[in-house]
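What follows is each chain in one-letter form.
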Amino acid sequence: MKKKESSRCVGFMGRETLKKIKIILAIWFLFSVMPAVYSPVAVAQEKPETQLYLVSLGTGDPDNITLRALNTIQKSSVIFCMDRVAVQFPGLLDGKEIHRGTLSVHKAFMRSDGDRREGLEEVKEISRIIRKSVGEGKTVSILDYGDPTIYGPNMWFMEVFEDLNPEIVPGVSSFNVANAALKKGVTWGEKTRSVILNNGTDVEQLAAARAAMVFFTMREDVPGIVGKLKGHYPSETPVAVVSNAGFRDKERIIQGTLATIEEKIKGEKLSLYLFYVGDFLTKRYGIDAEKEPSGRLKEFKCGK
Ligand SMILES: C[S@@+](CC[C@H](N)C(=O)[O-])C[C@H]1O[C@@H](n2cnc3c(N)ncnc32)[C@H](O)[C@@H]1O
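The paragraphs below set out a description of the structure included in this document. Quantities reported herein were computed from a predicted structural model and do not represent experimental measurements.

How each quantity is defined
Residues numbered from 1 in each chain as written. Predicted model: local features only at pLDDT ≥ 70, side-chain atom pairs only at ≥ 80, totals over all residues. Near = placed C-beta within 6 Å. Helix = DSSP H or I, 4+ residues; strand = E, 2+ residues; numbered from the N terminus. Nonpolar A, V, L, I, M, F, W, Y, C, P; charged D, E, K, R; others polar. Domains from an automatic or database assignment. Core = buried A, V, L, I, M, F, W, Y, C linked by C-beta atoms within 7 Å. Buried ≥ 20, exposed ≤ 12 C-beta atoms within 10 Å, placed from the backbone. Contact = placed C-beta atoms within 7 Å. Expected span 1.5 Å × (residues − 1). Arc of directions from axis to C-beta.

**Section: the site of the ligand**
Right, on to step 1. Neighbouring the ligand are 23 residues, the closest being G146, S173, S174, M218 and A245.
Right, on to step 2. Mapped onto the shell around the ligand, the elements with two or more residues apiece are helix 8 (174–182), strand 8 (238–243) and strand 10 (273–277).
Right, on to step 3. Among the elements that make up the shell around the ligand, the one with the highest residue count is helix 8 (three residues).
Right, on to step 4. In the shell around the ligand, the residues fall into 12 nonpolar, 10 polar and one charged.
Right, on to step 5. Residue-level mapping places the shell around the ligand at the junction of two domains, with at least three residues from each of domain 1 (52–172) and domain 2 (175–281).

**Brief notes about the nonpolar core**
Right, on to step 1. Ranked by size, the top nonpolar core spans 30 residues in total, and within it V241, L274, F275 and Y276 carry the most contacts.
Right, on to step 2. No other element matches the five residues that strand 10 contributes to this core.
Right, on to step 3. With residues up to four places along the chain from it excluded, the contact list for Y276 reads L182, V214, V239, A240 and L281.
Right, on to step 4. Formed by 21 residues, the second largest nonpolar core is a distinct cluster that contains A69, I126, I130 and Y145.

**What to know about helix 6 (residues 116–135)**
In an α-helix, one turn spans 3.6 residues; hence positions three or four apart end up facing the same way.
Right, on to step 1. The end-to-end C-alpha distance of helix 6 is 28 Å, a good match for the 28 Å that 20 residues give at a rise of 1.5 Å each.
Right, on to step 2. Regarding helix 6, the residues found buried are G119, I126 and I130. The arc that holds every buried residue of helix 6, seen down its axis, measures 40°, which confines them to one face. Turned more than 90 degrees away from the buried face of helix 6 sit R117, K124, E125, R128, K132 and G135, all of them exposed.
Right, on to step 3. One or two steps after helix 6, the chain reaches G137, where phi turns positive at roughly 85°.

See the structure below:
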């Protein structure tokens, strides 16, 4: 009888202990095992090795390409690109399977001037080529110019082929080469320390802050931009046009103000250019090596 009681007691103790162990195990699993399984490292390890790249060729002359881009193109056997790449980089594409780059998917799904049915047909054909090549163990590169993430027409590849773990090989944007051509600190304005990259579509809302702006001009020309800015910036605000940035023998800079720039570009053949507005275009440092600086630097206050 005593024995029975004690065994009942042990059984009861066992259930309680088991319950406690289960709780401890659940807490341990929640805080130790789950984070390890779902940590970025674990997730990254599960992703397939990259065989698909969006590669920047840089902007302007061929020496603006990066070493990483060259190495990636060299190890690729399938390439999507514009015809002119073979001329700009002689020998680089020799022996590779070349497919012509296309804008139709971007036009159809990001802009309003494309046919979606046509765009989808293009996606299917490109997808067939890429998935077959990757399945055969080949590396595929899509070649682009500038920074592919800035108004680049190939960003859709990153979404459609997300399962292949594609990578972007970054490159020098026209924004970078034109900044260098201007020799100005684009974020060192007098009234603002910010710069807005713009394509002319939403200027009116942004111009009220009189921030420095850089216009990519595939949708808007100089008179159109000036017209949109005039109501917000004083007419003496400095502006600049940088055309063919990064091409040593045809790069051109035209400077003026909102009031004068239209007159200054008359007779110029502008096709590939950026338009800049902002007081960062003036002399900003006021350093005279011969003179002692007078007073302290004025503290920067936004909009003052
Ligand atoms: C579709 S966007 C592509 C921009 C590109 N992703 C980049 O980062 O330079 C094309 C626009 O970029 C600008 N652009 C491209 N190359 C240029 C260059 N060499 N000089 C000046 N502007 C350029 C022009 O405003 C052109 O209309």
